[in-house]
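Structural characterization, general
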Amino acid sequence: MKTSNEHRKQVELNRLWVELEWRRCATDEDYFLRNYVFIPSEADVRGRVKFSLFDYQEELLDLFKSNRFVIALKARQLGYTTLAMAHSIWLAFFRPGATILVVSQTQKSANKNLAQARLAYQFLPIWMKDRAPTLVADSTDGLSFQFNDGMISKLKSAAAVESVFAGETATLVILDEAGLVEPATRQEDVFRTLLPTTDAGGSMLIISTSRGNYNRFAKTYRSAKRGESQFVSFFKPWNVSPFMQCTSECNYCSGEKGKKTPCTTRYDLKRREFADQPWRFFQEYPRDEEEAFRESGRPRFMGLPSETIFSDFPFRGNFEYINDDVMEFVPDENGPLRLSTLDADENAFYVIGADPASGVGKDYSTAHIITYDEEERIQIVGYYHTNTTPPTEFAADLDKMGRYFRGRQWAAMLAVENQGAQGSLPINELHKHLNYPNAYMHQMVGTKTKNKTRMFEFPMTQERRKSSIDRLAQYLVFAADVCRIDGIYPLLRQELGQFVMQETPNGNVRYAADTGCHDDLVMSLAISLWVLVEEYHLASPAPATIEDNTWKSTGRISLKSMREARNRAIDDMEEANRQQWETFQIGSDLTMRGN
C-alpha cells in the first residue's frame with residue numbers, strides 16, 4: 001500500500017514538474033531553445049547538437065520579440081535561419097492556431113529549412129511530445145499540430161514564387177535569403193504577396209546576404225536603416241561567425257591558442273580567392289553594410305563614416321514667387337528642395353551645380369547650393385532631389401534658387417551638366433527664356449582652328465568626370481579628420497558609399513554608381529565644387545591616392561597670394577555680371593517697346 005502511495009506521489013510530482021517545465025518553456029523561449037532543441041551539426045558524430053545560442057542570435061531574437069517587422073542582413077554562417085526555424089517550433093507549440101509561413105530561395109532550400117524544424121521536433125523529450133499539441137500532419141510542404149481544444153498550428157514551407165501563400169493569414173512570415181531570389185523582379189512579386197498576409201497582426205522576419213543595392217531586399221533594408229519603414233534593421237559582420245573564430249584547434253594561426261577571437265588569417269585566405277573581384281567576397285563576409293551591398297567595383301570614397309551620424313536639413317519645400325519681385329520659401333514635406341538655412345548671406349559667393357534628368361521617374365534631377373567660409377571650408381547650404389520634375393520646371397526651380405541665394409552677385413553662379421544632350425532642355429530654358437544672369441560659361445578650344453567657343457553649360461566627358469570626382473575625394477578625408485565639406489547628409493552619404501571604380505573590358509577604369517544605384521547627388525556636388533574652386537581660386541587639398549584616400553603633403557599657394565588672385569577674379573566677374581545684366585535689361589526694354 002505504501003509503495004502504491006509513493007508511486008502515486010511520484011506520478012503526481014512528475015506531472016507537476018512536466019507542467020511547470022512546459023509553462024516555463026512557454027514564457028521563456030531562450031530556455032526552451034537551449035535545453036530542448038537540437039540543430040544539425042557537421043562537427044558532432046551524431047549529426048546534431050543542443051542549440052546553444054550565440055550572443056548575436058539572442059540579440060536578434062530579442063529584437064524580433066519587440067518588433068513585428070525585422071530585416072536582418074548577414075554574413076555567411078551566422079545561424080539566422082537555424083534560429084528562425086527553432087523559433088517556428090516554439091511558436092507552433094505555444095501559440096494555438098499559429099500559422100508560420102517559411103519562404104525560401106528555392107524548393108531545395110525550402111525542404112532543407114523544413115528538415116531543420118522536423119529534426120528539432122524529432123529529438124524532443126517524450127514527455128514534451130506528450131504534453132505538446134499532437135503532430136497530425138507531416139508532409140513535404142509542412143507540419144501541423146493539433147491542440148486538445150481543436151486549434152491547429154501550421155508550419156508551411158515553400159519556394160519563392162510570385163503567388164506564394166497568396167490569401168493566407170500569417171502569424172509569422174520568414175523570408176529566407178530574400179536577396180538571392182532570381183530574377184530580381186521576383187523579389188518584388190514575393191514581397192508584395194507576402195506582406196499582406198501579416199495585416200491581421202502577424203510578424204515578418206526577412207533574412208539574407210545581399211546581391212547589390214538595387215533589389216527589393218536592399219531597398220527594404222536601407223529604408224529600415226533610415227527609419228523610413230515599419231521594418232527594423234539588424235546586421236552583424238563576418239567576425240562574429242563561430243566558423244570564423246580562432247580556437248585551440250585552429251590550423252591557420254600561430255601564437256597563443258584557446259581564445260575565441262576573429263581569425264584574420266582564415267579571413268585573409270578566403271579573401272585571396274577573390275583578389276580580382278574583392279566585392280564578391282565582401283558580399284559573403286562583409287565588415288559593414290556597405291561592403292555587403294557592393295556589387296560591381298572598388299569604392300572610390302574610402303573611410304566614410306556611418307550614415308547614422310549625419311542628419312538631414314531642417315527646411316523642406318521649394319521657392320515660389322508671391323509677386324513679380326518677391327520670392328519666398330514654401331514648406332512642403334514632399335518638396336524637392338532641402339535647406340540648412342533660409343537666410344542668404346549677402347556677402348557670400350554661392351555656386352549651384354546641377355545634374356538634370358528626364359523627370360519620368362528614373363534618374364534624379366539634383367542640384368547643390370554651396371559656398372565657403374573664412375577658412376575655405378565648403379558649406380553645403382542645400383540640395384535639390386526629385387525624379388518627377390520635367391526639365392523645364394527643373395530649370396525654373398534652379399532659376400529661383402540662384403536668385404534667392406545671390407550673395408554678393410546678381411545671382412549664384414549656376415553650372416548645369418550637359419552629357420549627351422541630357423541637359424539641353426533646362427539649359428535652353430535658363431538661357432533663352434529665364435535670362436539667368438550668372439551662368440557658368442565653359443570655354444572650348446578647337447584643336448585645329450584654335451577658336452575659343454563659350455558654352456552656357458558644364459560639359460561632362462569621362463575624363464572630366466574623373467577629375468571632378470577626384471577633386472571631391474580630396475575634400476572628403478574623414479579618416480584623417482580633415483574633411484573640408486560641412487553639411488553632409490544621409491542621402492548624399494549613401495550615394496558616396498555606392499560610388500565605385502569599375503574596370504572596363506579594355507582595361508580602363510570607369511567611375512560610376514554601383515549596379516542599380518544612383519550617383520546624381522554625387523555628380524551635382526562634384527560639379528558645384530569644381531566650379532567653386534576654379535572660379536574663386538580656392539586652394540585644393542593635396543592629391544589623394546585612389547586606393548585609400550591618404551593624402552600626401554604637397555606644396556600649395558600662399559594664402560595671401562591666393563586671396564589676392566581670388567579677389568581680382570571676383571572683381572572681374574562682378575563687372576562681367578553687371579555688363580551681362582545691363583544687356584538683359586536693354587534687351588527686355590527693346591522687346592517691350594516693340595510690343
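The structure under discussion appears in the preceding block.
Per chain, residue numbering runs from 1 following the sequence as it is written. pLDDT decides what is reported in this predicted model: residues at 70 or higher carry local features, side-chain atom pairs at 80 or more are listed and counted, and totals for whole chains, interfaces and linings draw on all residues regardless. Only hydrogens and water are removed before side-chain values are computed, so all heavy atoms of the structure are retained for them.

1. Quick word on the packing of aromatic side chains
Under the pairing criterion, centres of Phe, Tyr and Trp rings, with the six-membered ring standing for Trp, must be within 6.5 Å; the plane angle then separates stacked pairs below 30 degrees from edge-to-face pairs above 60, leaving the rest tilted. Taken as a whole, this structure holds 36 aromatic pairs when the rule is applied. Summarising the aromatic geometry, the rings of W22 and F94 are spaced 4.4 Å apart at their centres and angled 45° between planes, so their arrangement reads as tilted. Within this pair, whereas W22 is found in helix 1 (residues 2-27), its partner F94 is found in helix 4 (residues 80-94), the two being separated by 72 residues in sequence. W22 sits in the buried class, given a relative accessible area of 7%. Throughout this description, buried means an accessible area under 20% of the type-specific maximum (1.4 Å probe, protein chains only), exposed means over 50%, and partly exposed covers the range between. Owing to a relative accessible area of 9%, F94 belongs among the buried residues under this scheme. Seen from their ring centres, F93 and F145 are 5.4 Å apart, and the 85° between their planes marks the pair as edge-to-face. Here the residue F93 occupies a position in helix 4, and F145 occupies one in strand 6 (residues 142-146), the gap between them amounting to 52 residues. Residue F93 is classed as buried on the basis of its relative accessible area of 1%. Owing to a relative accessible area of 0%, F145 belongs among the buried residues under this scheme. Secondary structure follows DSSP: runs of H or I at least 4 residues long count as helices, runs of E at least 2 residues long count as strands, and numbering of each begins at the N terminus.

2. Some thoughts on the layout of surface pockets
If you add up the space inside the largest pocket, you get close to 1300 Å³. Of all the secondary structure elements, the ones that give two or more residues to the lining of the largest pocket are strand 1 (38-40), strand 2 (48-50), helix 3 (55-66), helix 4 and helix 5 (107-122). Ranked by residue count, the leading element in the lining of the largest pocket is helix 5, at 4 residues. Among the residues forming the lining of the largest pocket, the class breakdown is 12 nonpolar, 15 polar and 9 charged. The definitions used throughout rest on a 1 Å grid laid over the protein atoms alone, on which a cavity is an enclosed set of points accommodating a 1.4 Å probe that cannot get out and a pocket is an open set flanked by protein within 12 Å on both sides along at least five of seven lines; lining residues are those having an atom within 4 Å of a point. Grid points are joined across faces, edges and corners, and a volume is the space filled by probe spheres set on the points. Estimates place the volume of the second largest pocket at around 840 Å³. For this classification, Asp, Glu, Lys and Arg are treated as charged, while Ala, Val, Leu, Ile, Met, Phe, Trp, Tyr, Cys and Pro are nonpolar and the rest, including Gly, are polar.

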